[in-house]
Amino acid sequence: MGELLTITNILIIMTLIVNVITLIVVVMHIKNSEEKKESVIETVVPPLTPSTTSNEIGVVFCRSCNKPYDSTLTICPDCKESRS
Ligand SMILES: [Zn+2]
């Protein structure tokens, strides 16, 4: 009895989620079709990521202990060895 109610509740929640997703998709589709002429130019140009460190993709390796760490850090978090 209790399990049946839980399954029914899950089904109701899933149906609601599907309905919400469908609604969002429909709304987005309507918005896209309305702003078609304006959005075409914007979507052609992809957002350029800042390529200040093209060789290092967010991770650098410590010279001392050889462990990888975030390139935004100036010193190694493990052995406090400076990058430069
Ligand atoms: Zn280190």
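Heads up: these notes are all about the structure in this document. (Residues numbered from 1 in each chain as written. Predicted model: local features only at pLDDT ≥ 70, side-chain atom pairs only at ≥ 80, totals over all residues.)

A separate point is the overall build of the protein chain. Within the protein chain, the regular secondary structure consists of two helices and two strands. When the helices and strands of the protein chain are read in sequence order from the N terminus, they spell out α-α-β-β. Of all 84 residues assigned to the protein chain, the portion counted as buried reaches 1%. Partitioning the contacts of the protein chain with sequence separation of at least 6, the portion at a separation of at least 24 is 0%. (Helix = DSSP H or I, 4+ residues; strand = E, 2+ residues; numbered from the N terminus. Buried ≥ 20, exposed ≤ 12 C-beta atoms within 10 Å, placed from the backbone. Contact = placed C-beta atoms within 7 Å.)

Backbone geometry places Asn 66, a non-glycine residue, at a positive phi of 65°. Inspection of the secondary structure assignment puts Asn 66 in the loop between strand S1 (59-61) and strand S2 (68-70). Residue classification places Asn 66 among the exposed residues on the basis of 10 C-beta atoms within 10 Å. Even without being glycine, Lys 80 reaches a positive phi, approximately 60°.

Remember that the coordinates give geometry; whether it matters functionally is a separate question.
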